[in-house]
Number of protein chains: 2
Amino acid sequence: MNDYINHINKDFESRVRLGIMSVLMVSDPVSFTVLKESLHLTDGNLASHLRALEEAGYLRVEKQFVGRKPNTVYQATLAGTEAFRNHLNALEQLVLNTKSN
Amino acid sequence: MNDYINHINKDFESRVRLGIMSVLMVSDPVSFTVLKESLHLTDGNLASHLRALEEAGYLRVEKQFVGRKPNTVYQATLAGTEAFRNHLNALEQLVLNTKSN
């Protein structure tokens with residue numbers, strides 16, 4: 001029964017990372033401010049999880065300018081999108097198997 | 001969009017805890033050995049997560065004897081069952097919202 005448990009990705013375990021990836025899958029690219037406000041996080045907490053996901057190769061960071069104001073945006077990479085889809089599939093299996101029993 | 005994120009329970013975030021609770025929801029009570037073998041975990045890793053779930057009030061531990069051999073079994077509490085159901089519902093929402101976009 002527990003094969004799907006092994007497809008749950010440790011990099012996405014935390015609620016904050018689930019939230020970040022979920023926002024990036026839906027609307028992409030997303031600014032730091034939008035992520036922060038959607039997920040009700042502090043700067044420090046959000047920044048540390050974004051850094052971890054960037055280091056894992058699951059998102060890329062881009063510095064843009066809005067007028068003369070710098071604006072950092074985040075975008076899921078192809079690897080991130082695929083890994084997160086696999087993670088969601090594993091969670092879906094977990095939910096289905098657990099609920100149906 | 002992110003209200004369900006707040007219903008994801010930090011106590012169940014880790015893959016190991018998802019696995020433990022999922023096994024307990026399906027077959028209950030369960031021995032240490034069965035949990036260990038179903039989830040492919042080391043004794044130490046499993047024991048530490050079981051202790052955390054017990055401290056949170058989500059499972060109860062019972063020492064039984066099989067013949068003269070001691071056998072420790074684990075059972076989800078009502079609070080654990082309810083909290084885990086809420087967690088699964090939140091994950092289900094996350095999966096549905098992310099996949100449908």
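Note that the structure is predicted; figures quoted are calculated from it, not measured.

Two copies of a chain can be linked by a rotation about an axis combined with a shift along that same axis. If you rotate chain A by 180 degrees and push it 0.0 Å along the axis, it lands on chain B with an RMSD of 0.0 Å. Interpreted geometrically, this transformation is the action of a two-fold axis. Considering only C-alpha atoms, the residue of chain A closest to the rotation axis is A:Glu13, which sits at 2.8 Å. Comparing contact sets, 100% of the residues at the interface of chain A also lie at the interface in chain B, consistent with an isologous, same-surface contact.

Residue and element names in this part refer to chain B. Relative orientation of the contacting elements helix α1 (residues 15–26) and helix α4 (residues 78–99) amounts to 115 degrees, with a least axis distance of 11 Å. Once α1 is placed against α4, the crossing between them reads as left-handed. Along the contact surface, α1 presents Leu-18, Met-21, Ser-22 and Met-25, while α4 presents Gly-80, Thr-81, Phe-84, Arg-85, His-87 and Leu-91. Partitioning the contact of α1 with α4 into residue classes produces 5 nonpolar, 4 polar and 1 charged.

This next bit is on the sheet that holds strand β1 (residues 30–31) of chain B. All names here are of chain B. Taken in spatial order, the 3 strands make up an open sheet running β1-β3-β2, and their pairing is antiparallel. The sheet terminates laterally at β1 and β2 (59–66), the two strands that pair on one side only. α1 contacts β1, β2 and β3 (69–76) of the sheet and is inclined by roughly 95 degrees relative to β3.

What follows is about the UniProt feature "domain: Winged helix DNA-binding" (unreviewed entry) in chain A. According to UniProt, the positions carrying the feature "domain: Winged helix DNA-binding" (unreviewed entry) are residues 16–95 of chain A. As a span, residues 16–95 of chain A carries 62% helix and 22% strand, and end to end its C-alpha atoms are 20 Å apart.

Quick look at the environment of B:Ile5 now. Within the fold, B:Ile5 resides in the segment before α1. When the C-alpha atoms of B:Ile5 and B:Leu39 are compared, they prove to be 26 Å apart, with 34 residues separating the residues in sequence. Apart from the residues within four sequence positions on either side, B:Ile5 is in contact with A:Arg15, A:Leu18, A:Gly19 and B:Leu94.

Here is what the cut-offs are and how they apply
- Residues numbered from 1 in each chain as written.
- Chains lettered and ligands numbered in written order.
- Predicted model: local features only at pLDDT ≥ 70, side-chain atom pairs only at ≥ 80, totals over all residues.
- Heavy atoms only, no water.
- Least-squares fit on C-alpha atoms with pLDDT ≥ 70 in both.
- Contact = heavy atoms within 4.5 Å.
- Axes fitted to C-alpha atoms, helices over the stretch in contact; angles between N-to-C directions.
- Helix = DSSP H or I, 4+ residues; strand = E, 2+ residues; numbered from the N terminus.
- Left-handed = near helix turned anticlockwise from the far one by under 90°.
- Nonpolar A, V, L, I, M, F, W, Y, C, P; charged D, E, K, R; others polar.
- Pairing = 2+ DSSP bridges.
- UniProt positions renumbered as here; feature names shortened; annotations may be inferred.

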